[in-house]
Amino acid sequence: MKKFDKNFMLGAATAAHQVEGNNIHSDYWVQEQLPNSMFKEPSLDAVDHYNRYEGDIKLLADAGLNAYRFSIEWARIQPQPDMWVKEEVEHYRDVIACCKKNGVTPIVTMHHFTSPKWLISEGGWENPKVVDRFAAYCKRIAEELGHELEYVCTINEANMRLQISALIRDMGNRRMREGGDTGNSKIDASNVQVGINIMQENLELSMKETAEAFGIEDPTKVHTFVSPCTPEGDLLVMRAHEAARDVMKKVCPHLKIGLTLSLHDMQPYPGGEAFAEKEWDDEFLHYLPYIKNDDFLGVQSYSCKRFDANGVVPPAKGRPVTQMGYEDYPLAIANVVRKVAEDFKGDLIVTENGIATDDDNRRIEFIREALKGIQSCVADGIPVKGYMYWSLLDNFEWQLGYSKTFGLIAVDRSTQTRYPKKSLKFLGSYR
């Protein structure tokens, strides 16, 4: 086994809402509690990482890992526009200190899908106000915590809203090719790395309840971060990123700041080349003007995306798939890193890559293959500075609940007992 250089950041990632529990002021919490919620189950206590982070970080460090990517929850710190909860800021200061105590580099994400309820009620991610709202939040966090940090991701998977729009479009196109609406089909989650599970007969009622919960009359005007976006809404995310980056840099010039993008290894069959090129432009290339001044780019990839002459196609029969339904394809991350490096010339950090499986031996092999590809990229001079496996813990996979297991650590949620898997130590053995 070839090990990484001692300065290479090798670790794991989480998102606040998926692991902390009781994020009661967030838009996701609102949606989880609805009578006709689109969520399989509510997050509730999640895996209680909010109270158990010290033990979780120690497990990570004891396995040999030296980096931990986690998110600061905006809704905890600013539950109302005119509130700022100092105790919550201090909580995250303690998390950062715990990382450093254990020799772990903290990589902080300022927004990982969830937003304060009030932000959605005032128009969410289609309201131009979101740019100043997000920048003000980031500025104050930088003022209070920035001097204790080195790496900051402003927005997780900043292209996710556009991917959701593409997902719905692709589903419609597939139905047309297959003979029309089947009436009770699920939106296929294979194109994005956020769990989606929408039963069509429940959609209209759920949308109505969601709008009412946010005090919005028109159900189509509820704009969370993971709702379909307009081209203007896509641009708003980039403007919010730029504004946050610039104001945080002004407060703390030493910070290395970037965002993360959800990217696929585009694999066209003959006749599908134009579709693959268009998808790559949508997922990556058209964002280049807005990230050219970033210190790094967080690259996130889980699988490939295949195209024929009619557009995107599901995995071919016989190809292995993960619990999420997309192709088990560990080569994707290295292919995506190489493709990104053709146009983005800054540092790269793999901020997410992993597999949802109940077979930890398969997880180990997935990690082995993925890291071999990353090491090849490094050997070829591509400036990859770190790799964060998703995820540290089995956790709340958004609308799909707790049924999908990405984690290096299993959790018995009835007792919140941690059970490190062999894959945790295996990942750490690369240092």
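Definitions and cut-offs
Residues numbered from 1 in each chain as written. Predicted model: local features only at pLDDT ≥ 70, side-chain atom pairs only at ≥ 80, totals over all residues. Heavy atoms only, no water. Buried < 20%, exposed > 50% of the residue type's maximum accessible area, 1.4 Å probe, protein only. Helix = DSSP H or I, 4+ residues; strand = E, 2+ residues; numbered from the N terminus. Arc of directions from axis to C-beta. Salt bridge = Lys/Arg side-chain N within 4 Å of Asp/Glu carboxyl O. Core = buried A, V, L, I, M, F, W, Y, C linked by side-chain atoms within 4.5 Å. Contact = heavy atoms within 4.5 Å. Axes fitted to C-alpha atoms, helices over the stretch in contact; angles between N-to-C directions. Parallel < 35°, antiparallel > 145°, perpendicular 65-115°, else oblique. Nonpolar A, V, L, I, M, F, W, Y, C, P; charged D, E, K, R; others polar. Pairing = 2+ DSSP bridges.

(A) Seen up close, helix α11 (residues 273–283). Inspection of α11 places Ala276, Glu279, Trp280, Asp282 and Glu283 among the buried residues, and these make up the whole buried set. Buried positions in α11, seen along its axis, are confined to an arc of 160° and lie on one side of it. Those residues of α11 that are exposed and angled more than 90 degrees off the buried face are Ala274 and Glu277.

(B) Summary view of the pattern of salt bridges. A full pass over the atoms with the stated rule returns 29 salt bridges. The residue Arg368 makes a salt bridge to Glu365 at a minimum N-O spacing of 2.9 Å. Remark: Glu365 and Arg368 occur in helix α14 (residues 360–379); sequence separation between them is three residues, near one turn of the helix.

(C) Up close: the nonpolar core. One finds Phe284, Leu297, Val337, Val340 and Tyr387 to be the most contacted residues of the largest nonpolar core, which totals 115 residues. Ranked by the residues each element gives to this core, the list is headed by helix α7 (residues 129–145), at nine residues. Setting aside anything within four residues of it in sequence, one finds Val337 in contact with Val299, Leu348, Val350, Ile374, Cys377, Ile382 and Val384. In terms of nonpolar packing, the next biggest core, distinct from the first, is built from 17 residues, Met9, Tyr151, Cys153 and Phe406 among them.

(D) Representation of the packing of helix α3 (residues 49–62) against helix α5 (residues 86–101). With their axes 9 Å apart at the nearest point, α3 and α5 run at an angle of 10° to one another. As summarised for this structure, α3 and α5 are arranged roughly parallel, according to the angle between their axes. Listed contacts from α5 to Tyr50, Tyr53, Glu54 and Ile57 of α3 are Glu88, His91, Asp94, Val95, Cys98 and Cys99. Class assignment for the residues of the contact of α3 with α5 results in six nonpolar, one polar and three charged.

(E) Here's a closer look at the pairing of strand β4 (residues 151–155). The buried count for β4 comes to five of five residues, which makes it a mostly enclosed element. Strand direction decides the pairing type here: strand β3 (residues 105–111) and β4, joined by four bridges, are parallel. Within the sheet, the bridge partner assigned to His111 lies in β4 and is Ile155. Sheet topology note: the β4/strand β5 (residues 256–258) ladder contains three bridges and is parallel. Within β5, the position partnered with Val152 by the bridge is Ile257.

(F) Geometry of the pairing of strand β9 (residues 304–308). Of all five residues that make up β9, four are buried, and the element is covered over most of its length. Sheet analysis places strand β7 (residues 265–268) next to β9, joined by four bridges and oriented parallel. Each bridged residue has a counterpart across the sheet, and for Met266 the counterpart in β9 is Lys305. Across three bridges, β9 lies against strand β10 (residues 311–313) in antiparallel orientation. In the strand pairing of β10, Arg306 is matched with Val313. The loop that links β9 with its antiparallel partner β10 comprises two residues.

(G) View of the sheet that holds β7. In space, the three strands of this open sheet follow the order β7-β9-β10, with mixed pairing throughout. Looking along the sheet, the strands with just one partner apiece sit at the ends: β7 and β10. Pairs of neighbouring strands in the sheet enclose a mean axial angle of 40°, with direction left out of account. Contacts from α11 reach β7, β9 and β10, with the element oriented near 165° to β7.

(H) Seen up close, unusual backbone geometry. Note that the residue after Trp390, namely Ser391, is joined by a cis bond; omega there is 5°. For Ser391, the location among the structural elements is in the loop between β12 (384–390) and β13 (409–412). Unlike most non-glycine residues, Asn22 shows phi in positive territory, near 55°. With respect to the helices and strands, Asn22 occurs in the loop between α1 (16–19) and α2 (27–32). You can call Asn22 partly exposed: its relative accessible area is 36%. One non-glycine residue, Trp398, lies in the positive phi region at around 55°. Secondary-structure assignment places Trp398 in the loop between β12 and β13.

Functional significance is not addressed by these values, which are geometric in nature.
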